[in-house]
Amino acid sequence: MDFARTITAGTDLLNLISDILDLSKIESGTVSVDAEEVHFSNLLEMIARPFRHEAENRKLQFDVEISPSLAGRSIITDSKRLQQVLKNLLSNASSSPPTAE
């Protein structure tokens, strides 16, 4: 378990460094876009997998559903950038304290 946590922490740190470098590229105007076909079902699974584990640890319900109209469909996008955005959104949403109603 400790080894797995170390690997996860190392991967998270590497991703953070990569994100910072990407921001530097954006600011300097040297960022490149690697457009490719991304299937919605694959994208959702790649994004959801790490958050499912975290949700289970925190005893939170986490479901991912895809509209039947998107089944088998894809988009042309920069997969890495799209994943960064979606992971940031999910991370922010899962770390926010619940609001009082």
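Residues numbered from 1 in each chain as written. Predicted model: local features only at pLDDT ≥ 70, side-chain atom pairs only at ≥ 80, totals over all residues. Heavy atoms only, no water.

## As for the overall build of the chain
Scanning the chain from terminus to terminus reveals three helices and two strands. Burial analysis of the chain (101 residues in total) assigns 13% to the buried set. Long-range pairs, those at least 24 residues apart, make up 81% of the contacts in the chain with a sequence separation of at least 6. A total accessible area of about 8,100 Å² is found for the chain, and carbon and sulfur atoms account for 58% of it. (Helix = DSSP H or I, 4+ residues; strand = E, 2+ residues; numbered from the N terminus. Buried < 20%, exposed > 50% of the residue type's maximum accessible area, 1.4 Å probe, protein only. Contact = heavy atoms within 4.5 Å. Areas by Shrake-Rupley, 256 points an atom, 1.4 Å probe, with all protein chains shown as cover.)

## Regarding the environment of Ile-75
Secondary-structure assignment places Ile-75 in strand β2 (residues 74-78). Owing to a relative accessible area of 29%, Ile-75 belongs among the partly exposed residues under this scheme. Counting along the chain gives 39 residues from Ile-75 to Glu-36, while the straight-line C-alpha distance between them is 8.0 Å. If sequence neighbours within four positions are ignored, Ile-75 has contacts with Glu-36, Glu-37, Val-38, Phe-40 and Leu-82.

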